[in-house]
Every structure is written in structure tokens, then in C-alpha cells.
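Chains, contacts and geometry: an overview
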Amino acid sequence: MKLFTPFKRLVISDIVKDENEEKLIAIGDYNIIRDYSLVLASQEIEHRIERSERGPFVIYVQAGLFEKALEQINLYKTENPPKTENPPLSAKLSLQPLLILTAITVPTLIQFSNRGSAWYHQGISDAEKILTGDWWRPITALTLHGDAHHLVSNLVSGYIVLNLLSFRISLSRLALPLAIASALANFLVACTIRTDFRSLGFSTFVFCALGTLSTIEFRLMPKESSGLLRRFAPLFGAASLAVFLGLGENADILAHFYGFILGLAVGLLPKKKQLLWGAPFGKSDLILWTLFFAFFFIAWKGAFF
């Protein structure tokens, strides 16, 4: 018996009945099942949520409550029609990117203060000093900027890309890998140029996030998409945008290139079933956010101590 189809949200045919003590009443991604659970809870209908081994979440109810629960879910579906399969990225605004941008903004504001020159000199990415042991510079340079215009442009572009990324997966799952990949990109620049090169700014992180977003969108494209160009459209589109954004005046083109390429690899880290079906926010997310902020804290501690 077919329980679900990939890239397909719950429809009437997804409702399954059996003769067991508990009956499977709904299958869908985390957001759908969460909403159904709230509907059932509002009617004081006992139910149980599990995650299928194949990815989606499921709801079970007791056999005696099945008809009542089904009626409430169908009523909810009538008032809130299911969304399209694998919908395009949402235009909604998320608060998640602000957590990442806060870690970037605070050191820059200190740098811009009257006593910020030490932060600039200790934190800027200097190829020669990196190769002689200043391991923290590829990390701290991500949190410094040349002027207010530089900061604002990176914050705006960063929020746009990270907001789109947060619609596919919680940023807690990607914040630290993106930071590590961005720092690695700065390190690779130092290894490539080796001497007489300095850089700073959050743009490497932005390009890394753009590469990650393109890989995730590519992975979510239906396999039946017709034509090679259509199948690879997310990668082609993101690469074109990266070229357009990365050729600005005084742009660190090499860091942008390395960041984008490493971002493509970061996009392979999330499990596909997590991208398709979502996941609840839990303690692991809090731990991951803590590790993200600790990554920059430890780097700045290394810069001054």
C-alpha cells in the first residue's frame, strides 16, 4: 500500500485506515503534521506523532476516535487548502538570519568605535601572518568591515540569502558549517596569494550561503524535470548571480569564488528527508547555535590572548 509520494503533501488519498488499535490518519511534512496535531489537540483528541523511516511525519489516533479526528482534519483542510508540491521559496521574513548577522555586526561596531583599531589590526585577514601562525584571522576577518557602507551592503545581501535558506532548513543546522567553510575560503586565499594581501568582510560567508542554497534547490528539483538546463537551473542561476555580485569594485573575487565552491559542498550536508519534511526545533538546535557563537568567540580570544 502506497503511503506517500516524494515531493507530495498530504491529500485525501494519503489517509490510511486499518483495523489495529491505533490508526494512521495523516502523513506529511513537519509543518503540516504540527498543524494537524494542534487541530486535534484543540478538540481534545488524543493522538501520537512519529517520524517514518522514509522521512515524513505521521499521526496515529485510537480506533474509536478515528472518524472524529478525520472529520476535524478534513474541516481544517477545507479551510486551509494544501500548498503546491515542493513550493518555490517563500517571501516571508525570518528572524533566524539575525542571529548570524549579530555575530558579524558586534565586532564590526567595536571596530568602528574609538578603541577599535586593535580589533582591526588583530582581526584582519593578512596572508603572510596567517601562514606564519595567526590561525584566527580567516575567522575574525569575517566579522570586520571597511566602512558603514561595506557593512550595510553585506548585511542586506546576507539577510536575503540566509532568509531564503531558512525556508528550506533551520539555520542552526548550517550556521557553523557555513562559518567553517567561509574561514577555510579565506585561508585558501592566503595559501594562493601568500604575501602582501589583506582582506575583511562578511561577503565570503554570503557567497558560501549562496552556494549552499543552490545545492539544496538542485537536490529538491523533481527528478522528472524535463531538460538538462531545467534540472540544473538552480546551480546555473546561483553561479550567474555569484559572478554578477562578486565583480564589484574592490571585491575579493578569489575569496568569493572559494566561498561559493565550498558552499556547494555544505549544501550536501543536510539529509534530503530533512529538507523535504522538516524537523522540530529541539535542544540540538540550541547546542548548534551555541557552537556557532563559540566559534567566533574562541577566534577573537586567540587574537588577543
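Residues numbered from 1 in each chain as written. Predicted model: local features only at pLDDT ≥ 70, side-chain atom pairs only at ≥ 80, totals over all residues. Heavy atoms only, no water.

1. Here's the deal with the overall build of the chain
Secondary structure assignment for the chain yields 14 helices and five strands. Relative to its full complement of 305 residues, the chain shows a buried share of 44%. For the chain, long-range pairs separated by at least 24 residues make up 77% of all intrachain contacts whose partners lie at least 6 apart in sequence. Surface exposure of the chain reaches about 16200 Å², of which carbon and sulfur atoms provide 62%. (Helix = DSSP H or I, 4+ residues; strand = E, 2+ residues; numbered from the N terminus. Buried < 20%, exposed > 50% of the residue type's maximum accessible area, 1.4 Å probe, protein only. Contact = heavy atoms within 4.5 Å. Areas by Shrake-Rupley, 256 points an atom, 1.4 Å probe, with all protein chains shown as cover.)

2. What about the pairing of strand β1 (residues 22-28)?
Most of β1 is tucked away, with six of its seven residues classed as buried. Looking at chain direction, β1 and strand β3 (residues 57-62) are connected through six bridges and run antiparallel. Each bridged residue has a counterpart across the sheet, and for K23 the counterpart in β3 is V61. (Pairing = 2+ DSSP bridges.)

3. A short note on a nonpolar patch on the surface
Taken together, the side chains of L131, L184 and F187 define a hydrophobic patch exposed on the protein surface, amounting to about 220 Å² of accessible area. Examined against the element boundaries, F187 turns out to sit in helix α8 (residues 175-193). Classification of F187 by relative accessible area gives partly exposed; the value is 34%. (Patch = residues over 30% accessible without salt bridge, like charges linked within 9 Å, V, L, I, M, F, W, Y side chains within 5 Å. Salt bridge = Lys/Arg side-chain N within 4 Å of Asp/Glu carboxyl O.)

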